[in-house]
Amino acid sequence: MTSGYYLISKVEKLPYYKYKGDVLRLINQTARTVDEVVVGLKNRPEIIRRITTFKDSKGNIIERAINFSDKSYRNRIYTTRYNVIGEDEFVTSVHTKEYTLPRTLKKAHEQSVLARYPRTLFWTPVKFFTNHLSENIQTGDKILTQVKQTNLMKPQKETHTFVEFPHIINGKIENKGKKILKFSVNTLSGHTINNKNILEDGTKLPQNDSFLGIRALDINDSKTAFAQKFLNERGLKNKRITINPEYLPADDREELAKALFDPNEGSINFVKGYKYMSKSEVCATSRHETEHGWQFYLHARNTQGGTTYWEEKMYDLFKDLPKSLKKEAQEYTDSIRSYVTIAEDRVKYRKNRIEIKANEQGEIARVLYDYERAEIQKEFPHIPKELL
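Residues numbered from 1 in each chain as written. Predicted model: local features only at pLDDT ≥ 70, side-chain atom pairs only at ≥ 80, totals over all residues. Heavy atoms only, no water.

S.K.: If you had to explain the overall build of the chain to someone new, which residues and values would you point to?
M.R.: The helix and strand inventory of the chain stands at 8 helices and 16 strands. Of all 388 residues assigned to the chain, the portion counted as buried reaches 44%. Restricting to contacts in the chain with at least 6 residues of sequence separation, those with at least 24 account for 53%. Counting every atom, the chain has about 21,200 Å² of accessible surface; 49% of that belongs to carbon and sulfur. On the chain, the mean spot of the 65 positive side-chain charges and the mean spot of the 51 negative ones are 5 Å from each other. (Helix = DSSP H or I, 4+ residues; strand = E, 2+ residues; numbered from the N terminus. Buried < 20%, exposed > 50% of the residue type's maximum accessible area, 1.4 Å probe, protein only. Contact = heavy atoms within 4.5 Å. Areas by Shrake-Rupley, 256 points an atom, 1.4 Å probe, with all protein chains shown as cover. Lys, Arg positive; Asp, Glu negative; His and termini not counted. Charge placed at Lys NZ, Arg CZ, Asp CG, Glu CD.)

Put into structure tokens, the structure is as follows:
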């Protein structure tokens, strides 16, 4: 124990059902076990420092609450994924999100949770980072690559950093420097790269990667980023389309989908509970739903207001279509009027014109995303392609 502190209590592997603490949490996932350390500060009895760690059934940390009575609340959320590169390289990727909350906002946080608002509503994001630990199952050699997002409160200057640390070969750390690639991203303009403030140390910034500003993101966080990018590119930026990355399905039919475009609200909804296995899959899904947004937008103007509030608003704002878009719009109107859901008839669903077109655009985006990944993958080959 560091001088100046004294141990008050310590518990390890406490079954979660026996945990009686009340620390603030940012996820509602039930843990299997809880570890907690509480220390006091010598000569300052009013200061208590508590670190509570929640773990799942595999022993992976899912959340850590850092409660120092003289400082803001600080929580970290963890997501662990496993992937394989080639035949011999096993990679454990741990994504961490760190947030802080002033102690004066504790009550506001608790009320927002009761109201079922996002638990991070009043919390400030500090940094997001992923540690990719690669181990060669034949030689035991290890390589740590870290991907980090910082400056999160400045969306026009968010900083993305890729670092590959010296390799551990035969149990010894190589005597060489780190590989570093650092650049800033404007998340408000479709995650575009700011060509200033670029740091290249042993690496080169990819020049032909239109998705570079999304490469550092975790799978779940990439949902909103991909959708924003594609909405911008499809000319839908000002069409009042919102993005819900954690949509709760309204019925059994919606649970069959990865994501949905809702023409009533004008929203792209990623179904909560569906687990994406790669960012390529998120990319394809986001582009698919963006195309549905375009189709219903044209339909709204083609029919002078459609049948929903959002469609009526689109016509009120943008009026009749130009002649060049009328043929395409009529195809979508015909398809929407005869639409069959996947729950009603899977074969007819796949033959819907709007689904055929959306699938085509999703696949084009996925292929491009995978192709353009080659440059950054060459620079940092020990990050699983599923997460890059």
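S.K.: Please give an account of the layout of surface pockets that cites residues and values.
M.R.: Roughly 1,200 Å³ of volume is contained in the second largest pocket. Those elements that provide at least two residues to the lining of the second largest pocket are β15 (259-262), α3 (279-302), α5 (323-337), α6 (346-351) and α7 (353-372). Looking at which element gives the most residues to the lining of the second largest pocket, the answer is α3, with 8 residues. Across the lining of the second largest pocket, the residue classes break down as 15 nonpolar, 13 polar and 13 charged. (1 Å grid on protein atoms, 1.4 Å probe; cavity = no way out; pocket = protein on both sides within 12 Å on 5 of 7 lines; lining within 4 Å. Points joined across faces, edges and corners; volume = space filled by probe spheres on them. Nonpolar A, V, L, I, M, F, W, Y, C, P; charged D, E, K, R; others polar.)

S.K.: An account of the packing of α3 against α7 is needed here, citing residue identities and associated values.
M.R.: One can describe the packing of α3 onto α7 by two numbers: an axis separation of 7 Å at closest approach and a directional angle of 140°. Viewed along their axes, α3 and α7 form a crossing whose handedness is right-handed. Within the contact between the two elements, α3 uses Lys279, Ser280, Cys283, Ala284, Arg287, His288, Glu291, His292, Gln295 and Phe296 and α7 uses Ile354, Glu355, Lys357, Ala358, Asn359, Gln361, Gly362, Ala365, Arg366, Tyr369 and Asp370. (Axes fitted to C-alpha atoms, helices over the stretch in contact; angles between N-to-C directions. Left-handed = near helix turned anticlockwise from the far one by under 90°.)

S.K.: Quick one: what's the story with the packing of α3 against α5, residue by residue and with numbers?
M.R.: Viewed as axis vectors pointing N to C, α3 and α5 meet at an angle of 100°, and their least axial separation amounts to 8 Å. When the axes of α3 and α5 are compared, the pair comes out roughly perpendicular. When α3 is examined against α5, the residues Glu291, Trp294, Gln295, Phe296, Leu298, His299 and Asn302 are found in contact with a partner set consisting of Leu325, Lys326, Glu328, Ala329, Gln330, Tyr332, Thr333 and Ile336. Among the residues forming the contact of α3 with α5, the class breakdown is 7 nonpolar, 5 polar and 3 charged. (Parallel < 35°, antiparallel > 145°, perpendicular 65-115°, else oblique.)

S.K.: Can you explain empty space enclosed by the protein? Please cite residues and give values.
M.R.: Scanning all chains against the criterion turns up 1 cavity of 30 Å³ or more. Roughly 110 Å³ of internal volume is contained in the largest cavity. Taken together, 16 residues form the lining of the largest cavity, with Thr130, His132, Leu217, Asp218 and Leu387 sitting closest to its centre. Elements represented by at least two residues in the lining of the largest cavity include exactly β6 (89-101) and β7 (124-136). Class assignment for the residues of the lining of the largest cavity results in 8 nonpolar, 4 polar and 4 charged.

S.K.: Can you break down unusual backbone geometry residue by residue, with the values?
M.R.: You will see that Gln304, though not glycine, has its phi angle at about 55°, which is positive. Structurally, Gln304 can be placed in the loop between α3 and α4 (309-318). The backbone of Lys319 sits at a positive phi, close to 60°, despite the residue not being glycine. Residue classification places Lys319 among the partly exposed positions, given a relative accessible area of 46%.

S.K.: Run through a nonpolar patch on the surface, naming residues and quoting values.
M.R.: A cluster of nonpolar residues, Tyr82, Val84, Phe90 and Ile137, forms a patch on the protein surface that exposes about 380 Å² of accessible area. The residue Ile137 is located in the loop between β7 and β8 (142-150) in this model. Note on Ile137: relative accessible area 56%, which makes it exposed. (Patch = residues over 30% accessible without salt bridge, like charges linked within 9 Å, V, L, I, M, F, W, Y side chains within 5 Å. Salt bridge = Lys/Arg side-chain N within 4 Å of Asp/Glu carboxyl O.)

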